[in-house]
Structure formats: C-alpha cells, structure tokens
Amino acid sequence: MKRSYFARIIAAFLNLSIILPLFCASAAAEDNMERYEINSNEALIVFDKKAELYNVDSLTFGSNLMATQTYVNDGTRVWSFAGAGNEPFIYIKLPESFKSSNIDGSEYDVEIQYFDSLSGYAICYYDSVNWGSEVAYELYGTSTDTWKTAKFTLNDAAFNGSINKRGDLKISFKESNSSVPVTPSPMLFRSIKVTRRAGAN
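A. Layout of the confidence of the model for the protein chain. Per-residue pLDDT for the protein chain has a mean of 82; in total, 77% of the residues score no lower than 70. Taken element by element, the predicted model of the protein chain shows its lowest mean pLDDT in helix 1 (residues 2-35) (45) and its highest in strand 10 (residues 146-154) (97). Below pLDDT 50 for its whole length, residues 9-33 participates in four contacts with residues either more than four positions away or in separate chains.

See below:
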C-alpha cells in the first residue's frame, strides 16, 4: 500500500512537471502576443535576449553574417548586424497564411525598427510573383542617434520561400554592385514586422 501510494504521488508530480511548463509557455506566448499587439495577419520578429518570433515560420542567418547584442543610449537591447563575406544575410520565412498574393490580391506592409547610430546600410529583398528575388527597399544609416522605422509596401509578393530556397524575405548587409562589398558599419535592429492586407489590390 505504501509503495502504491508513493508511486501515485510520484506519477502525479511527474505529470505536473510536464504539463505546467507547457501551460506556462502557452500563457507566456499569449502574453507576448498581447504585449506586441499581434494578430493573425501580422508577423513580428523582436531582437531581444533571443530572437522572438511571432507568426514567423523561421529566421535563419547566412554563413557570413555577424550578429551580436548590444544596448543603445536609452538602455534598449538591439542586435548589431554586419558582414565580412559573401552571405551576410537574414532570411525570413512567413507562414502559409501570408502567401499567394497573386491569388487574393494581398499587399504587405513591412516595418523595420532600428537605431540610427552609424552609416551602415541594408538591402531588403522579397520573393516577387513575376521576377523571383527583387529589391524592395534600401536602408541607409545617417548617424542621427535616434530611433527610426523604415516602411515599405509589397504589392506583388509571392512568398513561396524561393529566395535561395531559404525564405520569403532577405535582408542583405552587402551591395553586390558596390565598390564597398559589405556595410561599412553595423546596423542596429530592434524589430521587423510584416502586416498582410488581403484584397488590397
């Protein structure tokens, strides 16, 4: 009887140790979704202690991307991105619900929040319906030591994950046609957000 009783206690404890972390993780995810006000038509990446992904299938880095964490003058944590080779890239793959704008006429608003402290640059590419990987936006730092948000809209995105077979969006810290092959200074990113507007075009 004693063994059976203790066995039940141990089993209950083990079950609780499995269920409780899952519950806490789910609750934390919901809290973060509310904190960042994300809905099903939005995708968000926040560069904090780790890269926090909301409605994003994957975030991967090219082999030559240098990513480090630092703090700006107001105490906010950011990620510093720079490169030293042929693939200083960020790849972002969005969920299926974001795709096939050529069917439903979706437009996508992209916002990149960054701290403008140096004179680096980043080139933003997207997976286009007709042309594959296309330049969407060129972001250049101007050393103002202020927070800025780069904004642009995509009206012909396919989002089939065909950019180097790794993503729907690519942020490059290299200009292939420039005499300076990679950004001369790091870019300090805080977040990347994509908002889908179905039937907008």
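B. Fine view of the pairing of strand 7 (residues 107-116). For strand 7, the tally of buried residues reaches eight of 10 residues, placing the bulk of the element in the interior. Relative to strand 12 (residues 187-197), strand 7 runs antiparallel, the two being bridged by nine bridges. Bridge pairing links Val110 to Val194 in strand 12.

C. Molecular detail of the pattern of salt bridges. Going through the model one piece at a time under the given rule, you end up with six salt bridges. Its salt-bridge partner being Arg77, residue Asp48 comes within 3.2 Å of it at the nearest N-O pair. Here the residue Asp48 occupies a position in the loop between strand 1 (42-47) and strand 2 (51-54), and Arg77 occupies one in strand 5 (residues 77-83), the gap between them amounting to 29 residues. Assigned by exposure class, Asp48 and Arg77 land together as buried. A salt bridge links Lys148 to Asp116; its shortest N-O distance comes to 3.2 Å. You can see Lys148 sitting in strand 10 and its partner Asp116 sitting in strand 7, a full 32 residues away along the chain.

D. Expanded view of the sheet that holds strand 9 (residues 132-140). Taken in spatial order, the five strands line up as 3-6-11-8-9 in an open sheet, and their pairing is antiparallel. Unpaired on one side and paired on the other, strand 3 (58-61) and strand 9 mark the two borders of the sheet. Within this sheet the neighbouring strands show an average axis-to-axis angle of 20°, counted without direction. The sheet contact formed by strand 3 and strand 6 (residues 89-93) spans four bridges and is antiparallel. Paired with Leu59 across the two strands is Ile92, which belongs to strand 6.

Criteria and thresholds
- Along each chain, residue indices are assigned from 1 in the same order as the chain's sequence is written.
- Local features in this predicted model are restricted to residues of pLDDT 70 or higher, and side-chain atom pairs are both shown and tallied only at a pLDDT of 80 or more, whereas totals for entire chains, interfaces and linings draw on every residue.
- Hydrogens are left out, water is left out, and the side-chain values use all remaining heavy atoms of the structure.
- Every residue carries a pLDDT, the predictor's confidence in it, which falls somewhere between 0 and 100.
- Think of it this way: any DSSP run of H or I at least four residues long counts as a helix, any run of E at least two long counts as a strand, and we number them from the N terminus.
- Contacts between residues were defined by any pair of non-hydrogen atoms, one from each residue, lying within 4.5 Å.
- Burial classes: relative accessible area under 20% of the type maximum marks a residue as buried, over 50% as exposed, and values in between as partly exposed (1.4 Å probe, protein chains only).
- A pair of strands is treated as paired once DSSP finds two or more bridges between them.
- The salt bridge definition used is simple: a Lys or Arg side-chain nitrogen within 4 Å of an Asp or Glu carboxyl oxygen.
- Here, axes are lines fitted to C-alpha atoms. For helices the fit covers the stretch in contact, and angles between N-to-C directions go from 0 to 180 degrees.

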